[in-house]
Each structure stands twice: as structure tokens, then as C-alpha cells.
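A structural walkthrough
What follows is the residue order along each chain.
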Amino acid sequence: MDMQKIEKKWQKKWQEIDLAKIDRSKLDKKMYILEMFSYPSGSKLHVGHWYNYGPTDSYARFKKMQGYEVFQPMGFDAFGLPAENYAIKTQIHPKDSTEQNIDTMHKQLQKIGAIFDWDAEVITCREDYYKWTQWLFLQLYKNGLAYRKEAPVNWCPSCHTVLANEQVQQGGCERCGTTVVKKNLTQWFFKITDYAEQLLIGLDRLDWPEKTKLMQKNWIGKSTGAQVQFRCESGDILDIFTTRIDTIFGVSYIALAPEHPLVQKLTARDIQRNVEHYIDQTATMNEIERLSTTKEKTGIFIGHYALHPLTGKKIPIFIADYVLNSYGTGAVMGVPAHDERDFLFAKRFHLPIQPVIYNESDALPYTEYGKLINSKQFNGLMAEVAQEQILNYLEKRNLGYKKVNYRLRDWLISRQRYWGAPIPILYCPACGIVPVPENDLPVTLPYAVEFKPDGKSPLAKSKEFMHTTCPQCGKPATREVDTLDTFVCSSWYFLRYPDSQNREKPFDSEIINQFLPVDKYVGGAEHACMHLLYARFITKVLYDLKYINFDEPFTSLVHQGLILGPDGNKMSKSLGNVVSPDTFIDQYGADIFRLYLMFGFSYTDGGAWNDDGLKSIAKFLDRIERLITKFLQEEKSKQKNFDITSAEKELLYMQNNAIEQVTKDLEAFSFNTAIARLMEYLNTLQKYDALQRKNYQLLRQSIEKFILLLAPATPHFSEEVWEMLGHNRSIFLEKYPICDKNALIREEVEYALQINSKIKCKLMIASKWRQEEIAEYVQTNTEVLAYTENKPIKKIIIVPNKLINIIL
RNA sequence: GCGGAUGUGGCGAAAUUGGCAUACGCGCUAGACUUAGGAUCUAGUGGUUUACCGUGCAGGUUCAACUCCUGUCAUCCGCACCA
């Protein structure tokens, strides 16, 4: 079959009949199926995109045939760092290269033959979209969920530019190799931490992979403990957070994050230089290095003491890089006897290691709970009880309180870059921070801008952009020069699709409430903690602001696996193992490529690419075509034969078995097993076709059922053979077959017979027999008696339709 | 390092609640058809050889373990400015 030809033919037909369009009057049976949109990179559509979009489109078509109004939109996440870097290298403007890439990818996406509703398309770098991204920012700002604070960025002192983590290679700048340092800038944040608890609780209701929910749970990182005040000799108060308040009598030092605001003030004069040196050193390290538990503990005594809130003892204050300013209060109490890291730290700096929890073996550190010792009036209490009582004691004296802490940090959304949505904020010398009025949106990203890195945000160098007037007082004001993190763009795009042409609003609430939440969201597992959490956060905010009536964006989520290069490594230009879909599409066509992706891998696992698999799929489609061609010839010439014998019963069994299994497998995104069942069914069809005496009516019906089952997986091919079979209406307007359970009833079932759990033989047992009848049967059956050798039977275990285990 | 996952024939992979390990396919072997075969069809295909051994490795629970538990090794993904 000429695949290229039929692809064009059917794609044109689908467009003519608006196959991808949803009937908006029938949204009560809607199915919003969404694949994560793609980034329009220069490397174009790759196998990973195909793997995401091809099989998911098959799922969408399957749902369509089941009678759902399927909405499957597609778009582009078009702002971001790569286009800007490409521009710096080539002088090609990010807008131009991005639009060019989108153009190419459109054509490539077209080839898949998916039922994408292109009228709903969303492109995040276009004004009509980022206008509403800016609107979203303003809603958060107005509701106290966007704020500014100082935060460190990676800074290359030689290029005078901010670097993404990705651009830092072994602590150096990827361009010039200069050691990267941390530099504080005032930046915008979204207060996602306000939603930490809701984001945690909401997970329970979601049909998401358990591992993803677990990862989000750990990412949010809820821990319950206590915040305790240590008064410094200077009089300053140091707040520390601990989950082990029961061990407070074992404190032998306090460790501050080197970035802690009190460090400068508390550091003793004579060691100031050493402390500064240590702080500088820490600024060159990333968090992964700092938190490594195998790295030797480092720190430095700052020459100041705090007083123990319960004993009044002097406690030395250190700074240590293993303490992060972003978690808790940026200060911890060191209890060496009962914490791994504190133990190593204390050994290194010869600090006292005082056990306060009893343990039999004396081995330290002992991190379990137990009975308190060396803890004054709390001695003898079990740790859990002691926690409450110590907390009570501290609360009464205003020295501490119970505290729930989250590992989740607020979302830093400022980027000192050009290719993003400008943050809609003005700075007025008189009025201060002024949000851009909604009527003035969008704040347009200027085209002619110097984006080469020279220490200034690119937008700061555009006079026309920078200078404006304050909407409140009318005096000159300047604009915020940072742009929004692209994760902001992608945190709400699924809300725009159903109403993407709306010029008045980001979306019409009534429409959006009908379409959403997304019924099936499909994308990579690498988004588990960031994109998927941000999208949930924004949804919850818009819910609280009453723009939408649902508070979770994605009811059901599936992660496709990663397709690796033929060598088993992740595809990358540097390894030269990138497989381009295009050459295979040209050779085999889109359906064979898609079907291979569905059959050759476990969908959620992915795996290494292999060319041979494609050939086998091509053969599979050839077999189908041959079967149908032969059938059509014979059907015309041969007499029809209507009786149903055992061969027909077997055919009907396999047909309905295939219907049942394929339906179940597609539902579960288990594409490889669905195709396997279809292959089995095709084998049965061929076996039946080889018989002399055939029931042509039944054979036609069986072949048609087969094609209907196959259609979602090979849409163009199936349309073509469907037409060959004499139909003149798209197969996707037909109903997906429904299993006739009666055809699956068999009179006898094969059981495995085990003696002492070892398989001995197979037995055919009437399927209507009860357990007692089976037990009686095996005890009198001569074949079974030969195995039991007259030994007494202790027990018979019968697993229905599976096995019989006789224990001697 | 922390968090999450994965490990099954020569290869891609299957295996409801613990219940016949290796479905389906590739590859390979033999045969048929053919002027020809990298096409098609048929049969076989985990390993030693008649009874065992086999799901990364070492233990454990159970009548029964790929599946549950403990430990361990290897690989992959994420770690907050790649998206």
C-alpha cells in the first residue's frame, strides 16, 4: 500500500468532515485529552514527541469511537532560554527562529495524522497569549500572592550575566569557564507555599501514578516540629526549627546558613575575614554539593554564643554550608548524639556529644525515638510524650511553639532575560511599585533589543520599553525589566485552549467549567515536581478567586517513558545517537511508525530504539491487507455458508476476547499488549481463512471488527481498508466494538495440576463445576492417582480457572 | 547526596488479588513454494537432559513469590534558572 498517498488522502478527508472538531452542544460526554505541548526547538520534532503524541492520539480516537466528544488541542511553549542562546550565537532573533521552528513543527505534527483541534492552538510567545499570562500575574499580585524579595542567582563575573543552573558546568560558566558565584538580586516570587497544604491534600483525589504523587509529596516535604528561640549574647533572637525538640538537652552548637541575615552582625571582629572567606566559598557551591551526606562537614565558629532556652548554657554559633537559608529558619540546633550530620560536624570540631535518648548499644549517633535521659525534669519520658511537654514548657515562656514546616519554597518567577513575557509592573518614584492596569495589557515585548549579555537585563537597554508614565500619578516611571519564568506560561495553557480566541478575557468561565478538568494528561515524568505542581497551584488560585469551579487541573495523568538511542543512551547530539522520525516516516509511513511505538515498548517505560521492530510492523499490516484482498475476491465468487461449528465458535471466541482485552488495554495505556491481542486475533483470522469451508458472512463481520479495533492505532491504513471493504463513511464515525460475553463462555477450562506445588499435568475441567466437585474429581481421576501414589492427601487448594494444588 | 523508579530468554517485552514464568513480536533453526528471495507459508526455539534449574544478587514469609518482607548491587529520571 502506498502509505504516503493514503496519508494525504485521509488527512484531507478528516479536515473536510471536521473530524477533530468537538460538538460544543454535547459536552456532557466530553473527553479533554491533552499532551504536554512542545517547545519549538531547532532540533524539531523528535521521536519523543511522536511517542507522546502518536499513542495518545490513538487513545483519543478510541474514546471518540466510544462516543465521547474528544477535545485534543496542541500548541507551543515558545518562550525560553534556548531561543535566546541561539540568538546570542547566531544573531537570529528569538522571535524569528521560534516562528520558523513552529512552522516546521506544524508540518511535522501534521504528519502524525492526529485529531488535533488546530483552531484551539495556543502559542505562548504571541501577544494574544502572554497578555493573559501577564493578567494572571496581576491576579496573583492583587491577591498578595506575588511579592519581591532578595534571592541569589548564578552570576558569571566574567560574562557579567546571570546563568541558569544548566549553564553552570562543574561550578564554572559554560561559556568561559569562570567560577560562578551567587549574587543577590531583588526578584519576584509567587507564594506557592501558601498552598502547600492544599497541594498536598489534593493529591489523594487524583488518578495519577503513585510514584508521581509520592514525588510531589516529598517535594512539598511537610514536617511537623517546633520553632524555638535561642537568645544570643548580643540580645538578638535566633529562631531554629527542629523536628526533634525531644533532643534539645543534647544541643552542643547552633549552625546557621552562611547566608543567614544575622551572620554579619554576630561575627566577632577578629575572625570576620575567615568567616567572609567561608561565605564566599559556599557561594560557589550548589545545593546538591552542600547537602551531600558523604562530603566532609565544614563550617566555622563565628565567635559568638547563644543561650540554651532551657538550661541557660552557652552554645557556640557556627555557620555551616549544610544548613540552607531556604529551608526552615536557616538555623538548626546541633544535637550530635542523635543526628548523623550533627554527629559528623561535632567530631570534626571537637564539640561535646551528649546522649539524651537512651539506647542499649551505646552506639552513636542514635536517631531513633526512645526514653529521655540527661534532660532534667523530662528524664524518663518517652520521646513522643517529651516533645509535647517540652513544647508546652517553651510555649508558656514564649520561647517556642509548634510549627509545621514545608520543604516547598516559593516560586521564583523573575528571569533576567529577554525571551519571555514581561512582568507587568512599573516603578514610580512617587507611588512605588505599581501594577500595570489590566486595560493596558499586554506589556509588549519589544522586538529591537540588544540581548547579548553585558550585565544588564536586555529589556533595561530598550529606552522605548523602559520609560513610561505612572498610571496613578502620571509622572515618569520605569518598567520592570525582568521577564516571567516560562513555567508561568505553561502553568495555565490548558485553560486557554477551549477558548483560545477570546479577546476580552483569558477564558470564559462558563466554557472552561464545561471543558475542564483535563480528563487525561499525558507527558514526561520529568515534570512531576515542577510543571505539574505549578499548574495545580495556579488552578487552585483561580479556583479561590472564583474564575473556575474546579481546583485540580488534571484528573488523570499518564507518563510516557523515554525513548533512548539504539545504544541505550539518552538521545543527544553529542553522542550522535539521535533517531530522526522523518526518515522512517518517509520510508514506512506514519501509521507503521506510530504502531511500532505502541507495540515495541511498554508505554510508561520506554526503551532503546530498534529499527527491526519497524519491519515487523510493516509485515503485520501487509498480512492484514493480503487477508482482506483475498477475502474480497472470494466473497464475490464463493457461495455463502451460514452454519456455526467449532471453528466458527473459536473464531467468535477470539474475536470477543480481542474486543474485551484491547478495550481494557487501551483504557490503561497498555498499547503493546493491545496490539499483541490484535496479532493473536489476526492469527486466528488467518487460520480460519485457510479452511476449505468458510462462513463468509461471519468472516466479513470478524474482519470488520478487527479493523474497527485496529483503527485508533493505524488511522490512515484502517480508513483505507475500511473503504476497500465497501464503506463510504469514516471509520472514526463508527462505534467501537463491544464484547459479547456469551461468546467467551467455554464449556471446559484447562487447569494446571500441582502435587506439592510442582506442576505435573494439565486437566480439562467443566467450567460449571463447583470446588467440591473438582476436589472429588481429582481424587478419583486415574491420571491424578498415578501422581499421588496412594499417599494420604493433606489438603487440596483450588484456584478457580487456574490450578489445583494437592498437598501430600 | 536526597527523592523516585527499573532490573525477566540472544533481543523488544507479557504475566488480575501472590496461583501454569516467558503471551505477542523480533532474531535464529529446519522445511515448503519459487528462476530468484532480505517475499510468503509450515514447524521448532529459556537452560542442562527426563527430572531438575531458572525473573540482578543474598536471605526470609507462604501450599505457592517476577509479585510480599529484609539486605545488597547496577542502571535510569528529577533536584527548584532547560522546558
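The structure displayed is predicted, hence computed values, not measured ones.

**Regarding the layout of surface pockets**
- Reported here for the second largest pocket is a volume of approximately 430 Å³.
- In terms of lining residues, the second largest pocket is bounded by 33 residues, among which Val162, Gln416, Lys456, Ser457 and Asp482 are the most central.
- The set of elements that each furnish at least two residues to the lining of the second largest pocket consists of α3 (81–90), β5 (146–156), β6 (161–163), β9 (181–190) and β22 (476–479).
- Top element by residues in the lining of the second largest pocket is β9. It accounts for five residues.

**Structural notes on the sheet that holds strand β25 (residues 557–560)**
- Taken in spatial order, the four strands line up as β2-β1-β24-β25 in an open sheet, and their pairing is parallel. Pairing within the sheet leaves two strands with one partner each, and these edge strands are β2 (69–71) and β25. Direction aside, the axes of adjacent strands within the sheet are offset by 20 degrees on average.
- Here strand β24 (residues 520–524) runs beside β25; their pairing, made up of four bridges, is parallel. Across the sheet, residue Val522 finds its bridge partner in β25, namely Val558.
- Across the sheet, helix α2 (residues 47–65) lies against β1 (30–35), β2, β24 and β25, angled at about 175 degrees from β1, the strand it touches most.

**Notes on the pattern of salt bridges**
- Throughout the structure, instances matching the rule amount to 40 salt bridges.
- Two residues, Glu99 and Arg126, come together in a salt bridge whose shortest N-O distance is 2.7 Å. Remark: Arg126 occurs in the loop between β4 (122–123) and α5 (127–142) and Glu99 occurs in helix α4 (residues 94–112); sequence separation between them is 27 residues.
- A salt bridge links Arg205 to Asp551; the nearest nitrogen and oxygen atoms lie 3.4 Å apart. One end of the pair, Arg205, is in the loop between α6 (196–202) and α7 (210–220); the other, Asp551, is in the loop between α17 (531–544) and β25, and 346 residues separate them in sequence.
- Taking the relative accessible area as the measure of exposure, Asp551 reaches 18% and is therefore buried.
- Salt bridges sharing common partners tie together Arg205, Arg536, Lys540, Asp551 and Glu552.

Parameters at a glance
- Residues numbered from 1 in each chain as written.
- Chains lettered and ligands numbered in written order.
- Predicted model: local features only at pLDDT ≥ 70, side-chain atom pairs only at ≥ 80, totals over all residues.
- Heavy atoms only, no water.
- 1 Å grid on protein atoms, 1.4 Å probe; cavity = no way out; pocket = protein on both sides within 12 Å on 5 of 7 lines; lining within 4 Å.
- Points joined across faces, edges and corners; volume = space filled by probe spheres on them.
- Helix = DSSP H or I, 4+ residues; strand = E, 2+ residues; numbered from the N terminus.
- Pairing = 2+ DSSP bridges.
- Axes fitted to C-alpha atoms, helices over the stretch in contact; angles between N-to-C directions.
- Contact = heavy atoms within 4.5 Å.
- Salt bridge = Lys/Arg side-chain N within 4 Å of Asp/Glu carboxyl O.
- Buried < 20%, exposed > 50% of the residue type's maximum accessible area, 1.4 Å probe, protein only.

Structural measurements only, silent on function.
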